[in-house]
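# Remarks on the overall topology
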Amino acid sequence: MAEATPKIRILKGAEPDLSAATYQIHDESHTIGNALRWMLMKNPKVEFCGYSVPHPSENHINMRIQMYDGLSSLTALLEALKNLDDLCVTIDDAYTHSMENDRYERWDEKS
Amino acid sequence: MASSSSSHLPASVFNPRRHVGVHAERVSDVASTEFPGHYPGEDHSWNLAKFKENLKVSVKRLSQRSVEFDLVGVDASIANAFRRIMLSEVPTIAIEDVFVFNNTSVIHDEILSHRLGLIPLNVDPRLFEFRQDIPLDRNTLVFRLNVTCERIKKASKDGPQYINEYVRSGDLEWVPQGEQESVFASNPPAATNKDIVIAKLRPGQTIEMELHAIKGVGKEHAKWSPVATATYRLHPLILLNPSKPVPPHLAQKFASCFSSGVVKVSPDGQVSIDDRHLRKETMSREVLRHKEFEGCVELKRIRDWFIFSVESEGPYTPESLFPEAIKVMRGKIASIREAAEALLADSHDLGAAPAASSGPDADGDVEMDGA
């Protein structure tokens, strides 16, 4: 087998300081694409963020990030990933808490 | 607002920014606007403490097969990510390889194999690894299907005439491999439903095959999807216009435009919304078809109030599917994060001129001389 496809690749045309760059994320889809885009847009230092699935039969997404003040888009990406992980933990805890403590209807469903 | 005075809903539900408009032939204000820079002087940057405060997850109904819960205070992109993961990225075990030794039934090998693949199995996927190349006891389950139909010699006229007339999912025989016998001793692998008819036979017809089941995900083939359905809808909201009340003689007609129980009519013909039953509203928009109700009512949905409905089909209990989806999501985030951190380390290497060209890099690679 040839060299494995890297998980993330910076597409050509990115600024040398990475203040604007397009990241190609391999083996991902709208699932992560849209959630990550939303979290990046929540960052006030991000001027623009968008993603696309270039072709349905190609297994990757392109994530475009442009920053204010020449900041690094890679740092913003890492921060968004961390925030997204915190969000997941929060939702998991809230769900588990509700499942264990809330009063809800239990019913018998015939299969 | 008259409809909200004795409300069971939190007051923040009536904040117009949270509303998606539902009109006769279109919807409005679908996209969320809560981003930094959208509203002057307002801070909408990510804030975990604020998110925790606004988040509400509450389970509403639970059965052995399905769960309904509310997820309030998240963006559609997040809710949709979990929905998509439940459908196509939470792993299960399903039959992948079928070795046909004999099949004299009327159903073709390919069709039969496809039907076998779709049978939900009761095996916990967390006990398995994904098969890479070689089948091992850690990644492959083996079943045998060995059925021959015969005529019952002394059958009564109106009783059954044949034995093994139907091949059912319960006829799959598990053949333990290696350590599987002890691992699955308490819960031997089988179909979750033993009564699925796989094929029909007549005397003299035989099916003899070996089946290999492996771990997979729904995005590769729907047979590996752990759910029957996983959907969400937005919580409906009906706003009555206090300056244009519904005429009392039309109150019953008005109420019949909505799902039963949603609109209450008092004895003197006053209409009000019963918030406790509001979630049952189907949003048929019937009320918008009648000219006499024009301006009386506005139909809305709450943009960040997701009513999830998940039906399990397979080894997971319905309540464990959502946490599994979160686990998968976190796994995806972790793998991207690892790659992004490696990228960051690389970019630092490029920025700072390599002082010592020999020795390992930050990522531990040793460079080859003259490469």
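Residues numbered from 1 in each chain as written. Chains lettered and ligands numbered in written order. Predicted model: local features only at pLDDT ≥ 70, side-chain atom pairs only at ≥ 80, totals over all residues. Heavy atoms only, no water.

With an unreviewed UniProt entry as reference, chain B is termed DNA-directed RNA polymerases I and III subunit RPAC1, source organism Lentinus tigrinus ALCF2SS1-6. Regarding chain B, the UniProt comment filed under Sequence similarities (unreviewed entry) reads as follows: "Belongs to the archaeal Rpo3/eukaryotic RPB3 RNA polymerase subunit family." In UniProt, chain B has this text filed under Subcellular location (unreviewed entry): "Nucleus". (UniProt positions renumbered as here; feature names shortened; annotations may be inferred.)

Chain A carries the name DNA-directed RNA polymerases I and III subunit RPAC2 in an unreviewed UniProt entry, which gives Lentinus tigrinus ALCF2SS1-6 as its organism. On record in UniProt, under Subcellular location (unreviewed entry), the comment for chain A is "Nucleus".

The next subject is the environment of L237(B). All names here are of chain B. Checked against the element boundaries, L237 lands in strand β13 (residues 227–240). Sequence spacing of L237 and M283 is 46 residues, and the spatial spacing of their C-alpha atoms is 9.1 Å. Setting aside residues up to four positions removed in sequence, L237 forms contacts with L9, V13, F14, H19, L278, M283, E298, L299, K300 and I302. (Helix = DSSP H or I, 4+ residues; strand = E, 2+ residues; numbered from the N terminus. Contact = heavy atoms within 4.5 Å.)

How large an interface is tends to be reported as the accessible area lost when its parts come together. Partitioning chain B into structural domains gives domain 1 (18–86 + 227–243 + 294–308) and domain 2 (91–222). For domain 1 of chain B and domain 2 of chain B, the distance between their C-alpha centres works out to 43 Å. (Domains from an automatic or database assignment.)

Time to look at the UniProt feature "domain: DNA-directed RNA polymerase RpoA/D/Rpb3-type" (unreviewed entry) in chain B. Annotation from UniProt places "domain: DNA-directed RNA polymerase RpoA/D/Rpb3-type" (unreviewed entry) at residues 66–339 of chain B. The distance separating the terminal C-alpha atoms of residues 66–339 of chain B is 37 Å; by composition the span is 19% helix and 32% strand.

Residues and elements named next belong to chain B. Within the open sheet, the four strands sit side by side as β5-β12-β6-β10. Their pairing is antiparallel. Taken across any chain shown, the strands that pair with only one partner, and hence form the sheet edges, are β5 (92–103) and β10 (173–175). Going from strand to strand, the sheet's axes swing by 30 degrees on average, the running direction of each strand aside. Bridge count between β5 and strand β12 (residues 206–216): 10 bridges; the pairing is antiparallel. Bridged to N103 within β12 is I207. Each of β5, β6 (140–148) and β12 touches helix α3 (residues 109–117); the most contacted strand, β5, lies at about 150 degrees to it. (Pairing = 2+ DSSP bridges. Axes fitted to C-alpha atoms, helices over the stretch in contact; angles between N-to-C directions.)

Moving on: the packing of helix α1 (residues 30–41) of chain A against helix α2 (residues 76–88) of chain B. Interaxial distance between α1(A) and α2(B) falls to 8 Å at its minimum, and their mutual angle equals 165 degrees. With respect to their mutual orientation, α1(A) and α2(B) come out roughly antiparallel. Between α1(A) and α2(B) lies a crossing whose hand is left-handed. For the pair α1(A) and α2(B), the contacting residues are H30(A), T31(A), N34(A), A35(A) and W38(A) in the first and S77(B), I78(B), A81(B), R84(B) and I85(B) in the second. Across the contact of α1(A) with α2(B), the residue classes tally to five nonpolar, four polar and one charged. (Parallel < 35°, antiparallel > 145°, perpendicular 65-115°, else oblique. Left-handed = near helix turned anticlockwise from the far one by under 90°. Nonpolar A, V, L, I, M, F, W, Y, C, P; charged D, E, K, R; others polar.)

Glancing now at the interface of chain B and chain A. Opposite the 51 residues of chain B that make contact, chain A presents 48 residues. Buried surface at the junction of chain B and chain A, both sides included, amounts to about 4,700 Å², of which 69% is carbon and sulfur. Along the contact surface separating chain B from chain A lie four salt bridges. In this structure, the salt-bridge partner of E105(A) is R61(B), at a minimum N-O distance of 3.1 Å. At the boundary of chain B with chain A, the tally comes to 18 residue pairs in polar contact (both at pLDDT 80 or more). Of all the secondary-structure elements, those providing two or more residues to the side of chain B that touches chain A are α1 (48–54), β3 (56–62), β4 (66–72), α2 and α6 (318–351) of chain B. Here the side of chain B that touches chain A gets 18 residues from one element, more than from any other, and that element is α6(B). (Buried area = accessible area lost by both parts, 1.4 Å probe. Salt bridge = Lys/Arg side-chain N within 4 Å of Asp/Glu carboxyl O. Polar contact = N/O pair within 3.5 Å; in protein donor to acceptor, adjacent residues only side chain to side chain.)

All names here are of chain B. Along the polypeptide, H19 turns up in strand β1 (residues 19–22). In terms of polar contacts, H19 uses its side chain to reach the backbone carbonyl oxygen of V13, at 2.6 Å. Setting aside residues no more than four positions away along its own chain, H19 makes contact with V13, F14, D29, L237, L239, K300, R301 and R303.

Next up on the list: unusual backbone geometry. In this model, L18(A) sits at a positive phi of 60 degrees, which is unusual for a non-glycine residue. Tracing the backbone shows L18(A) in the loop between β1 (8–10) and β2 (20–26). Overall, the relative accessible area of 11% leaves L18(A) in the buried class. Residues other than glycine seldom take positive phi values, yet R285(B) does so here, at roughly 65 degrees. Within the secondary structure, R285(B) is located in the loop between β15 (271–273) and β16 (297–312). (Buried < 20%, exposed > 50% of the residue type's maximum accessible area, 1.4 Å probe, protein only.)

Per the stated rule, a full pass over the model turns up 14 aromatic pairs over all chains. When the centroid spacing of 6.2 Å and the interplanar angle of 80 degrees are considered together, the rings of W38(A) and W46(B) count as edge-to-face. Placement of W38(A) in helix α1 and of W46(B) in the loop between β2 (27–28) and α1 is noted, with the two residues assigned to different chains. For the pair W38(A) and W46(B), a shared accessibility class is recorded, and that class is buried. An aromatic cluster is present here, built from Y95(A), F69(B), F82(B), Y232(B), F306(B), F308(B) and F322(B) joined pairwise through their rings. Across the ring face of Y39(B), the terminal group of R17(B) is positioned such that the distance to the ring centre comes to 3.5 Å. (Phe/Tyr/Trp six-rings, centres within 6.5 Å; stacked < 30°, edge-to-face > 60°. Lys NZ or Arg CZ within 6 Å of the ring centre and 35° of its normal.)

On to the pattern of salt bridges. Following the criterion strictly, the structure yields 28 salt bridges over all chains and no others. For the salt bridge of K82(A) with D86(A), the shortest nitrogen-to-oxygen distance reads 3.0 Å. Taken together, the residues K82(A) and D86(A), both in helix α2 (residues 73–101) and four residues apart, mark about one turn of the helix. Close ionic contact of K300(B) with E298(B) constitutes a salt bridge, the shortest N to O distance being 3.3 Å. Owing to a relative accessible area of 13%, K300(B) belongs among the buried residues under this scheme. By relative accessible area, E298(B) is classed as partly exposed at 44%. The network of salt bridges with shared partners includes K7(A), D27(A), E28(A), E89(B), K219(B) and K332(B).

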